[in-house]
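Next come the chains, spelled out residue by residue.
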Amino acid sequence: MAQAVNLLSLPTPLRSVSKVPASSPSPSIARIPPRSLLPQSSPRHRHRHHLRFDACGASAAPPPSPDLGLLASDNGSGNVPAAAAAAAAAATATATAAIDVDAVTEAELKENGFRSTRRTKLVCTIGPATCGADQLEALAVGGMNVARVNMCHGTHEWHRQVIRQVRRLNEEKGFAVAVMMDTEGSEIHMGDLGGAASAKAEDGEIWTFSVRSFNSPLPERTIHVNYDGFAEDVKVGDELLVDGGMVRFEVIEKIGPDVKCRCTDPGLLLPRANLTFWRDGSLVRERNAMLPTISSKDWLDIDFGIAEGVDFIAVSFVKSAEVINHLKSYIAARCRDREIAVIAKIESIDSLKNLEEIIRASDGAMVARGDLGAQIPLEQVPAAQQKIVKLCRQLNKPVIVASQLLDSMIEYPTPTRAEVADVSEAVRQRADALMLSGESAMGQYPEKALTVLRSVSLRIERWWREEKRHEGMELPDITSSFSDKISEEICNSAAKMANNLGVDAVFVYTKTGHMASFLSRCRPDCPIFAFTSSTSVRRRLNLQWGLIPFRLSFSDDMESNLNRTFSLLKARGMIQSGDLVIALSDMLQSIQVMHVP
Ligand SMILES: Nc1ncnc2c1ncn2[C@@H]1O[C@H](COP(=O)(O)OP(=O)(O)OP(=O)(O)O)[C@@H](O)[C@H]1O
Ligand SMILES: CC(=O)C(=O)O
Ligand SMILES: [K+]
Ligand SMILES: [Mg+2]
């Protein structure tokens, strides 16, 4: 699936990417009085072809809801300074709301048109560098679609503040930034270095790894290990790898709970870094392999996540589908009114062994290359990534490529050429989303790193359009019920029609989001406007490739839905008369092709 590209031939100098001003004034909600937005005229001149499949036995349309509220999320801002200018203008509009839209999406659609909206979604890990209200807002303006909080770090109080701040941003500014909670899991890791930000291990130094708990400050060259069985499992002569080999030690002596090690590859130790040990060139998985995927601490964190209304729970070190099914029923029993999507993190040998059943059971997957690269040889990680991305696409599950995409930007304002090539490769694989880890959590340049992801994604996506590279992946049938099969076929056909006719956008009216994700799976050339009446469905859709999710209350009457949507979007200058649109609906399982009147 990966296509070769000569990065040097790309006309836009990629280096300039990081020179774009990283922060810009806040966007604000643009508001227009309700009356002026109601559809005034009948769509008489509309050029329309209408096919309808009534397998669901759609009933008569109820009267349209009076709520004309429509919210668009920030899908991808190609042009942040322009968006900021539009935001300033929008802020002066009146405050009687009928249409709410975040200024970034609005400005982007107005200025660049549908076709140039970003398709690849962006996830930012939130940490000390980005947990403030202004910093979170700058990330949302810069294109963050999902905010990730890692339960390995911080207190519930800290995470609560972050989650609430994101929710406030959505409510006040019209964004649809989803929140992903990532579990700690029970793999072996170091303690938190007694408060130090990092520690340097030099060649030949003797360090003590101990299961004892210490009061800070820690004794010199001592590291706490979180796994009680560590001192028993490890043997003299084993190799101890920090973060998959960023620093290496050799075990030279065991003294009760303390394990003395000599540093063989020097480097920087970071708080709570992952630890693996190797014997005769293989990863040792003694009793730690028996540890539960979801620890008792993880269950408390999951309860916290449910109570705080997170949109995604990412499960670390998944070994089998069973744990995913268990978590899904746990969630279903506790939140009846909304869904929380469960993302399987593929970062262990076991998860690769059971890959297909795990992905089938999950609502999405993450290629967690950090830990994956500590469990399999590094040179195998790219092939694993490609395989996972492809399988997720076939099974219609959103997939995130994570870790070290722009690692050098933790310290430096400009990425390496190799990092830019790595980001491009993930975009070319048509992964749903790219993720920042330390770059946004604790790096020096979180907004610049986000700008690089955005610019590289946009550039590769534009290159596809310039080269007319439609994506021709064979997509197997995935649905089981006949009704779902109809939706799937409609979406496959609509995507094909969209490419062949060169339409400007596909509009999909979807209650659950399913039809929107079938469309996203086809990776059509044009953006997909997904209209849903649920704010939580809207946020969840924000992880998926090519979807621009809006919240809109709509009826079963497509005629009235379309009239209303056209009026609302035209009034904001986001679409124009003459734009060619394909419209789908999952209530009617219908498909229409028309020019905007
Ligand atoms: N909430 C937080 N508080 C303090 N530091 C954080 C926080 N979240 C992340 N960090 C810092 O950012 C670095 C990268 O974060 P990230 O969550 O991506 O770690 P990771 O090791 O890639 O993920 P995982 O632990 O799931 O394998 C961490 O090593 C840590 O130093
Ligand atoms: C993101 C993550 O958990 C990893 O790369 O290991
Ligand atoms: K984690
Ligand atoms: Mg990990």
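Residues numbered from 1 in each chain as written. Chains lettered and ligands numbered in written order. Predicted model: local features only at pLDDT ≥ 70, side-chain atom pairs only at ≥ 80, totals over all residues. Heavy atoms only, no water.

(A) Examining the domain arrangement of the chain more closely. Taken as a whole, the chain is organised into domain 1 (116–186 + 298–466) and domain 2 (193–290). For domain 1 versus domain 2, the distance between C-alpha centres works out to 28 Å. Counting residues at the interface gives 12 residues for domain 1, matched by 10 residues for domain 2. Buried surface at the junction of domain 1 and domain 2, both sides included, amounts to about 950 Å², of which 46% is carbon and sulfur. Per-residue buried area on domain 1 facing domain 2 is highest for Lys319, Ala374 and Gln375; these three make up 35% of the total on that side. At the junction of domain 1 with domain 2, the criterion picks out one salt bridge. A salt bridge links arginine 272 to glutamate 184; the nearest nitrogen and oxygen atoms lie 3.6 Å apart. Applying the counting criterion to the domain 1 and domain 2 interface returns two residue pairs in polar contact (both at pLDDT 80 or more). Secondary structure elements with two or more residues in the side of domain 1 that touches domain 2: α8 (349–353) and α10 (369–375). (Domains from an automatic or database assignment. Contact = heavy atoms within 4.5 Å. Buried area = accessible area lost by both parts, 1.4 Å probe. Salt bridge = Lys/Arg side-chain N within 4 Å of Asp/Glu carboxyl O. Polar contact = N/O pair within 3.5 Å; in protein donor to acceptor, adjacent residues only side chain to side chain. Helix = DSSP H or I, 4+ residues; strand = E, 2+ residues; numbered from the N terminus.)

(B) The coordination of the magnesium ion (ligand 4), seen in detail. Those protein atoms acting as donors to the magnesium ion (ligand 4) are Glu347 (OE) and Asp371 (OD), and they sit at 2.0 to 2.1 Å. Here the magnesium ion (ligand 4) and the potassium ion (ligand 3) are spaced 5.4 Å apart. With glutamate 347 in the loop between β16 (341–346) and α8 and aspartate 371 in helix α10, this residue pair connects regions lying 24 residues apart in the sequence. The buried category is assigned to glutamate 347, whose relative accessible area is 1%. (Donors = N, O, S within 2.8 Å, 3.2 Å for Na, K, Ca; no water. Buried < 20%, exposed > 50% of the residue type's maximum accessible area, 1.4 Å probe, protein only.)

(C) Here's a closer look at the coordination of the potassium ion (ligand 3). Distances from the potassium ion (ligand 3) to its protein donors, namely Asn150 (OD1), Asp182 (OD) and Thr183 (O), fall within the range 2.7 to 2.9 Å. Counting residues between consecutive donors of the potassium ion (ligand 3) along the chain gives the motif N-x31-D-T. Take aspartate 182: its relative accessible area is 0%, and that puts it in the buried class. Given a relative accessible area of 1%, threonine 183 falls into the buried group.

(D) Representation of a nonpolar patch on the surface within the structure. A contiguous nonpolar patch, built from Leu268, Leu270 and Met442 and spanning about 250 Å² of accessible area, is present on the exposed surface. On the secondary structure map, leucine 268 appears in strand β12 (residues 267–269). (Patch = residues over 30% accessible without salt bridge, like charges linked within 9 Å, V, L, I, M, F, W, Y side chains within 5 Å. Areas by Shrake-Rupley, 256 points an atom, 1.4 Å probe, with all protein chains shown as cover.)

(E) Region of interest: the side chain of histidine 159. Looking at where histidine 159 falls in the secondary structure, it is placed in helix α4 (residues 156–173). In contact with histidine 159, not counting residues within four places along its chain, are Val149, Asn150, Met151, His153, Gly154 and Phe304.

(F) Quick look at the sheet that holds strand β17 (residues 364–368). Strand order in this closed barrel of eight strands is β3-β4-β5-β15-β16-β17-β18-β19, and the pairing throughout is parallel. Taking each pair of neighbouring strands and ignoring which way they run, the sheet shows an average axis angle of 25 degrees. Sheet topology note: the strand β3 (residues 121–125)/strand β4 (residues 146–150) ladder contains three bridges and is parallel. The partner of valine 123 across the bridge, within β4, is valine 146. Its contacts with the sheet place helix α11 (residues 381–394) against β16, β17 and β18 (399–402), and it is angled at close to 160 degrees to β18. (Pairing = 2+ DSSP bridges. Axes fitted to C-alpha atoms, helices over the stretch in contact; angles between N-to-C directions.)

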